[in-house]
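Each chain, written out:
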Amino acid sequence: MRKPVIAGNWKLYNSTAEAVKLIDELIPLVSDTALTEIVVAPAFTALSAVKKALADSGIQLAAQDCFWEEEGAYTGEVSPMMLTDVGCSHVLIGHSERRQFFGETDKTVNKKLKAAIAGRLTVIFCIGETLAERESGNTFAVLRRQIAEALTGFSETESDRLIIAYEPVWAIGTGKTASEGQAQETHAFIRQLLSELYSPDMASRIRILYGGSVKADNIGGLMSQPDIDGALVGGASLKAESFAAIVRFAEFQE
Ligand code: PEP
């Protein structure tokens, strides 16, 4: 009932030429997969060229962030309207690296999320606890706060424009993955929370992705969990073969 999504976050990697080469290599490897939505998130500078390279492949384009104003004196920022203008359908909001290194807060995530949705983008809204928060037993409290604050003013009628990515900070780029049980328990908590905040129907429709050192050899176990609907992939999305293997394995599990 929930179509799986595999999204690749390329972070601060790839020149325009490298990004186009990666797409040219990826397309033939995933062209016969139809049951999974595929999204790639290059750096801003490569969005236009990647959009052209994606052509009619069905692979969707995301940006890694956006600002909440449409235009104005905000040097260095990019608006939702500018992202749709270059062909983006999706945008990541609230990635833990933005929270950690660029002062992103639940309040700024809330503003960005609402602006992106109003700008007709689908938001991949990232949440997750740090190792200290998990070890002190605060995982659920942190996720509750992140979701409640970032979704303030968000309406259930916009649910088809929202995807949640649960990414434990301690698992991002570390080679450590949450166990299938840990991930499932947390995804089930998030879905239950959405059910309380909105409705059981909304909660049952929202896709919740797992992120944190996802690879071809752990995607199968993760996707076999009832509340995991796909993955947000960092490192392993930078090579066509490893990203395609994740897409194919996810599709095979469905
Ligand atoms: C990410 O950047 O969202 C991510 C999950 O990275 P990695 O797969 O490298 O842990």
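Just so it is clear, the structure is predicted and the values come from calculations on it, not from any experiment. (Residues numbered from 1 in each chain as written. Predicted model: local features only at pLDDT ≥ 70, side-chain atom pairs only at ≥ 80, totals over all residues. Heavy atoms only, no water.)

(A) Here's a closer look at the overall build of the protein chain. Scanning the protein chain from N- to C-terminus turns up eleven helices and eight strands. Against the globule reference of 18 Å for 254 residues, the protein chain gives a C-alpha radius of gyration of 17 Å, in line with a compact fold. Summarising its shape, the C-alpha atoms of the protein chain cover approximately 45 × 45 × 35 Å along the three principal directions. Burial analysis of the protein chain (254 residues in total) assigns 52% to the buried set. Looking at the protein chain alone, contacts between residues at least 24 apart form 72% of all its contacts between residues at least 6 apart. (Helix = DSSP H or I, 4+ residues; strand = E, 2+ residues; numbered from the N terminus. Rg over C-alpha atoms; globule rule 2.2 N^0.38 Å. Buried < 20%, exposed > 50% of the residue type's maximum accessible area, 1.4 Å probe, protein only. Contact = heavy atoms within 4.5 Å.)

(B) Looking closely at the site of the ligand. In the vicinity of the ligand, 14 residues are found, and the nearest of them are Lys 11, Glu 167, Gly 173, Ser 213 and Gly 234. Asn 9 has a polar side-chain atom sitting 3.2 Å from an oxygen atom of the ligand. In isolation the ligand has 290 Å² of accessible area, and contact with the protein removes 95% of it. In terms of residue class, the shell around the ligand is built from four nonpolar, eight polar and two charged. (Near = heavy atom within 4 Å. Polar contact = N/O pair within 3.5 Å; in protein donor to acceptor, adjacent residues only side chain to side chain. Areas by Shrake-Rupley, 256 points an atom, 1.4 Å probe, with all protein chains shown as cover. Nonpolar A, V, L, I, M, F, W, Y, C, P; charged D, E, K, R; others polar.)

(C) View of unusual backbone geometry. We note that Ala 55 has phi near 40°; this positive angle belongs to a residue other than glycine. One can find Ala 55 in the loop between helix 2 (47-54) and strand 3 (60-63). One non-glycine residue, Ser 213, adopts positive backbone phi at about 55°. Within the secondary structure, Ser 213 sits in the loop between strand 7 (207-211) and helix 10 (216-223).

(D) Expanded view of the packing of helix 1 (residues 16-30) against helix 2. Direction vectors running N to C along helix 1 and helix 2 enclose 25°, while the axes themselves pass 9 Å from each other. As judged from the angle between their axes, helix 1 and helix 2 are roughly parallel. Helix 2 is crossed by helix 1, and the crossing has right-handed handedness. On helix 2, the residues that touch Thr 16, Ala 19, Val 20, Ile 23, Asp 24 and Ile 27 of helix 1 are Ala 49, Val 50, Ala 53 and Leu 54. Its residues assigned to classes, the contact of helix 1 with helix 2 shows eight nonpolar, one polar and one charged. (Axes fitted to C-alpha atoms, helices over the stretch in contact; angles between N-to-C directions. Parallel < 35°, antiparallel > 145°, perpendicular 65-115°, else oblique. Left-handed = near helix turned anticlockwise from the far one by under 90°.)

(E) Here's a closer look at the sheet that holds strand 8 (residues 230-233). Ordered in space as 1-2-3-4-5-6-7-8, the eight strands form a closed barrel in which the pairing is parallel. Averaged over all pairs of adjacent strands, the angle between strand axes in this sheet comes to 25°, irrespective of strand direction. Summarising the sheet, strand 5 (residues 122-127) and strand 6 (residues 162-166) pair through five bridges and their orientation is parallel. Of the residues in strand 6, the one forming a bridge with Ile 124 is Ile 163. Where helix 8 (residues 180-197) meets the sheet, it contacts strand 5, strand 6 and strand 7, and its direction lies at approximately 150° from that of strand 7. (Pairing = 2+ DSSP bridges.)

(F) Broad picture of the packing of aromatic side chains. Evaluated as defined, the whole model comprises six aromatic pairs. Seen from their ring centres, Phe 67 and Tyr 74 are 4.9 Å apart, and the 50° between their planes marks the pair as tilted. (Phe/Tyr/Trp six-rings, centres within 6.5 Å; stacked < 30°, edge-to-face > 60°.)

(G) How the structure looks around the environment of Glu 185. Along the chain, Glu 185 falls in helix 8. Overall, the relative accessible area of 45% leaves Glu 185 in the partly exposed class. A C-alpha to C-alpha distance of 8.6 Å links Glu 185 and Asp 227, two positions 42 residues apart in sequence.

(H) Representation of the pattern of salt bridges in the model. On inspection of all chains with the given rule, the structure shows 16 salt bridges. Where Lys 112 meets Asp 65, a salt bridge forms, and the shortest distance between an N and an O atom there is 3.0 Å. Separated by 47 residues along the polypeptide, Lys 112 in helix 5 (residues 106-118) and Asp 65 in the loop between strand 3 and helix 3 (80-85) bring together distant segments of the chain. Residue classification places Lys 112 among the buried residues on the basis of a relative accessible area of 6%. One network of salt bridges, with partners in common, ties together Arg 2, Arg 191, Asp 227 and Asp 229. (Salt bridge = Lys/Arg side-chain N within 4 Å of Asp/Glu carboxyl O.)

(I) Quick look at the side chain of Asp 227. Locating Asp 227 in the fold gives a position in the loop between helix 10 and strand 8. In this view, Asp 227 contacts Arg 2, Gln 184, His 187, Ala 188, Arg 191 and Ile 208; residues no more than four positions away in its chain are not counted.

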